[in-house]
Amino acid sequence: MTIWNKAERAGLYCGLFLLCHGIAPHLADGQTGNPAAVASLGKSIYESKCVACHGKEGKGNGPAAAVLSPRPRDFTEGKYKFRSTESGSIPTDEDLLNTVSVGLHATAMPDWKPFIGDDSLKAVVAYVKSFSIRFTRETPKLITVGGAVPSSPASIAAGKNTYDKLQCGGCHGVDGAGKGAVTTEFQDDWGYDLKPTNLTEPWTFRGGSAPRDIYLRFTTGIDGSPMPSFAGSATSHEMWDLANYVVSIGRKPVWTMNETEVIEFYSHLESRAKLDPVSRGKYLVKTVGCEFCHSPVKEDGGMIEELRFAGGQRWDLYPFDNVVSYNLTSDKETGLGNWTDEQIKTLLTKGIRRNGSRMIPYPMPWPAFASLKADDLNAIVAYLRTIPPVYNRIPDPQSPNIFSYFWGKFKVLVLKKDIPLHVFPGNAGTAKEKTMSEIDARMRQSAGEGRQ
Ligand code: HEC
Ligand code: HEC
Ligand code: HEC
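Residues numbered from 1 in each chain as written. Chains lettered and ligands numbered in written order. Predicted model: local features only at pLDDT ≥ 70, side-chain atom pairs only at ≥ 80, totals over all residues. Heavy atoms only, no water.

A. View of the overall build of the chain. Across its full length, the chain carries 19 helices and eight strands. The C-alpha radius of gyration of the chain comes to 25 Å, within 12% of the 22 Å expected for a compact globule of 452 residues. Within the chain, the fraction of its 452 residues that count as buried is 41%. Here the chain displays about 24,000 Å² of accessible surface, and carbon together with sulfur accounts for 59% of that area. Taking the 52 positively charged and 49 negatively charged side chains of the chain as two groups, their mean positions are separated by 4 Å. (Helix = DSSP H or I, 4+ residues; strand = E, 2+ residues; numbered from the N terminus. Rg over C-alpha atoms; globule rule 2.2 N^0.38 Å. Buried < 20%, exposed > 50% of the residue type's maximum accessible area, 1.4 Å probe, protein only. Areas by Shrake-Rupley, 256 points an atom, 1.4 Å probe, with all protein chains shown as cover. Lys, Arg positive; Asp, Glu negative; His and termini not counted. Charge placed at Lys NZ, Arg CZ, Asp CG, Glu CD.)

B. Expanded view of the environment of His172. Among the secondary structure elements, His172 is positioned in helix α9 (residues 169-172). With residues near it in sequence (within four places) discarded, His172 still touches Tyr163, Ala177, Gly178, Pro196, Thr197, Leu199 and Met227. (Contact = heavy atoms within 4.5 Å.)

C. Spotlight on the site of ligand 1. As a matter of local geometry, ligand 1 sits amid 26 residues, with Cys50, Cys53, His54, Lys81 and Met109 nearest to it. Between Lys81 and ligand 1, the recorded distance is 2.8 Å, taken from a side-chain N or O atom to an oxygen atom. Note that an oxygen atom of ligand 1 is positioned 2.9 Å from one of the backbone N or O atoms of Phe82. Every element with two or more residues in the shell around ligand 1 is listed here: α2 (16-20), α4 (51-54), α5 (93-102) and α6 (118-129). Counting residues per element, the shell around ligand 1 draws most heavily on α5, which supplies three residues. Partitioning the shell around ligand 1 into residue classes produces 18 nonpolar, three polar and five charged. (Near = heavy atom within 4 Å. Polar contact = N/O pair within 3.5 Å; in protein donor to acceptor, adjacent residues only side chain to side chain. Nonpolar A, V, L, I, M, F, W, Y, C, P; charged D, E, K, R; others polar.)

D. Layout of the site of ligand 2. Near ligand 2 there are 25 residues, and of these Cys168, Cys171, His172, Gly207 and Met227 occur at the shortest range. Contact between ligand 2 and Lys81: an oxygen atom at 2.8 Å from a side-chain N or O atom of the residue. Here Gly207 contributes a backbone N or O atom positioned 2.7 Å from an oxygen atom of ligand 2. Residue classes in the shell around ligand 2 are distributed as 16 nonpolar, five polar and four charged.

E. Spatial organisation of the side chain of Asp95. When you line up the elements, Asp95 lands in helix α5. Among buried charged residues, Asp95 stands out as having no salt bridge; its nearest opposite-charge side chain is Arg217, 6.5 Å away. Those residues within four positions of Asp95 in sequence are excluded, and the remaining contacts are Phe82, Arg83, Ser84 and Thr85. (Salt bridge = Lys/Arg side-chain N within 4 Å of Asp/Glu carboxyl O.)

F. Seen up close, the environment of Ala157. Tracing the backbone shows Ala157 in helix α8 (residues 153-165). When the C-alpha positions of Ala157 and Asn244 are compared, they lie 9.2 Å apart, and in sequence the two are 87 residues distant.

G. Just the domain arrangement of the chain, in detail. Looking at the chain, the domain boundaries give domain 1 (18-137), domain 2 (153-251) and domain 3 (292-367 + 389-451). Of note, the centres of domain 2 and domain 3, computed from C-alpha atoms alone, are 42 Å apart. (Domains from an automatic or database assignment.)

H. View of the packing of aromatic side chains. Counted according to the given criterion, the structure contains 14 aromatic pairs. Seen from their ring centres, Tyr46 and Tyr127 are 5.3 Å apart, and the 50° between their planes marks the pair as tilted. Here Tyr46, found in helix α3 (residues 35-49), pairs with Tyr127, found in helix α6; they are 81 residues apart in sequence, far enough to count as distant. A relative accessible area of 0% places Tyr46 in the buried class. By the ring-pair criterion, three or more aromatic residues cluster together here, those being Tyr46, Phe75, Tyr80, Tyr127, Phe131 and Phe135. Between Arg314 and the ring centre of Phe424, over which it is positioned, the NZ or CZ distance is 3.9 Å. (Phe/Tyr/Trp six-rings, centres within 6.5 Å; stacked < 30°, edge-to-face > 60°. Lys NZ or Arg CZ within 6 Å of the ring centre and 35° of its normal.)

I. Up close: the coordination of the iron atom of ligand 3. Protein coordination at the iron atom of ligand 3 comes from His294 (NE2) and Met364 (SD), with a distance range of 2.0 Å. Given six donor atoms and angles of 87 to 178° at the metal, the environment of the iron atom of ligand 3 is assigned as octahedral. With His294 in the loop between α14 (290-293) and β4 (314-316) and Met364 in the loop between α15 (341-350) and α16 (366-369), the pair connects residues that are 70 residues apart, well separated along the chain. Grouping residues by exposure puts His294 and Met364 together as buried. (Donors = N, O, S within 2.8 Å, 3.2 Å for Na, K, Ca; no water. Tetrahedral: all angles 85-135°; square planar, octahedral: opposite > 155°, others 65-115°.)

J. Spotlight on the packing of α8 against helix α11 (residues 236-248). Closest axis-to-axis distance for the α8/α11 pair is 7 Å, and the angle between their directions is 100°. For the element pair α8 / α11, the angle class is roughly perpendicular. Touching Ser155, Ile156, Ala158, Gly159, Lys160, Thr162, Tyr163 and Lys165 of α8 are Glu238, Asp241, Leu242, Asn244, Tyr245 and Ser248, all from α11. Tallied by class, the residues present in the contact of α8 with α11 amount to five nonpolar, five polar and four charged. (Axes fitted to C-alpha atoms, helices over the stretch in contact; angles between N-to-C directions. Parallel < 35°, antiparallel > 145°, perpendicular 65-115°, else oblique.)

K. Geometry of the coordination of the iron atom of ligand 1. For the iron atom of ligand 1, the full set of protein donor atoms is His54 (NE2) and Met109 (SD), and the range of their distances to it is 2.0 to 2.2 Å. A relative accessible area of 10% means that His54 is categorised as buried.

L. A look at the nonpolar core. Ranked by internal contacts, the top residues of the largest apolar core, which has 21 residues, are Tyr46, Phe75, Tyr80, Val100 and Val124. Where this core is concerned, the elements lending two or more residues are α3, α5 and α6. Top contributing element to this core by residue count: α6, with six residues. Leaving out residues up to four positions away in the same chain, Phe75 has contacts with Tyr46, His54, Gly58, Tyr80, Val128, Phe131 and Ser132. Counting 20 residues, the second-largest nonpolar core is a separate cluster that includes Leu348, Met364, Ile380 and Tyr383. (Core = buried A, V, L, I, M, F, W, Y, C linked by side-chain atoms within 4.5 Å.)

Have a look at this one:
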């Protein structure tokens, strides 16, 4: 069995950014016009820098994909979010080059410009395009952008009217930050959760935060997401006013606030969070990353999707015995379905299991949860209750064998050996037969694809 250690995992999940950047190959002088040299350069850049997230076949399913939100793009469909082209059209080369150069803020997609040269950027863009047949069959349909209207109080006021007329608030809220939105829970075309962007936080806009960028976003739409195109719904003048309005509602980032502003800002956030504990709990659980540990992994380190949150990840915890993470889904037999709120909270803050036994403070990081505020703890429990049940029976925790425990301690403390830390691939729990056969089929399919 291949065993890959924690350092590798940490490297994969947290240090992808660093790992992906190295000395990049580039074209020799005079080779920029040579298609074979460009193709081979594009492939080699792609395989060293992009596969971890976008996958070898460009399907957006690299080993790191399952832990990222939003997901890395699936290039095989030729469907792109940040374009200067009509809704549904393929992007231009400049659009792609721009995305790859400056990255996508507030997502895992890095900015590559500082790390790879111009010829390499162009070559990798050409390689990305080669995953979809659309680029050989279609031409990009450029959107027409009318003459710019400079920002002014009058233009901003008119833009507010357009914001209301086009009902941007239905998804983004009357204040651009979600207040009074009809719904803020969406899914993208690939079935993954998606939130409407908070329009008061322009530093998170992936397509740029200048008026022209914003103008393009709502006239081109964000393909693959519920954000529609509003092309033709208002005059070009009104569109510019709207872009100026969106720029005007950008709030101060926390890092530029003074003390009073920071206190006021966070108390406002807190009072909003109380109104929606499930969303707050989801946010906390995702931030802490409970599912990184509480889902089993494949050989390549990617998560076994069908068992997300269903536990079964096994760690070799020398000098202790192996530990297996628990099933956090709401399954009544094997998950948290029959735990009381108090039992979950006691476990999270004190490390005491339902049967009264105690957990060591590692790898389950319960000491870090000990000081969670009551509201946040309630919110976590509220969200855990909403995770659909998945049957996966986890073996009972073992107490360490006293002799190997002391021998291990001796090795670590006296002989100063490093503590080896292994994560085993595969599910250490017992899932339902149907779930297992689905997983097997998926794994066979992706192994087959890898060999092509
Ligand atoms: C650490 C993970 C990661 C790596 C490495 C990475 N990407 Fe991405 N990439 C993403 C994510 C996540 C998205 C989707 C963001 C979104 O939907 O907002 C994305 C989106 C894209 C898009 C689509 C933009 C659009 O308009 O829809 C392109 C093109 C792209 N990446 C190219 C690349 C190339 C080329 C490389 C390698 C040089 C690369 N990426 C490496 C995570 C990554
Ligand atoms: C049906 C819901 C919906 C409506 C209506 C809507 N949006 Fe969006 N908007 C979204 C979603 C969802 C996203 C995030 C998409 C993503 O992450 O891929 C988004 C993203 C954005 C972004 C961020 C783009 C970036 O660069 O990251 C801007 C700006 C924006 N919307 C402006 C507007 C404006 C202005 C209007 C009205 C003309 C509007 N939206 C109407 C759902 C909506
Ligand atoms: C760094 C990895 C890691 C993270 C992050 C993590 N856990 Fe755990 N958790 C574990 C492991 C490993 C075990 C099994 C420990 C044992 O048996 O001693 C465990 C055990 C548990 C148990 C059950 C213990 C039992 O056997 O009765 C619950 C419930 C639990 N975790 C909830 C959570 C929640 C909720 C979060 C996020 C807020 C979380 N965990 C985050 C690794 C982790």
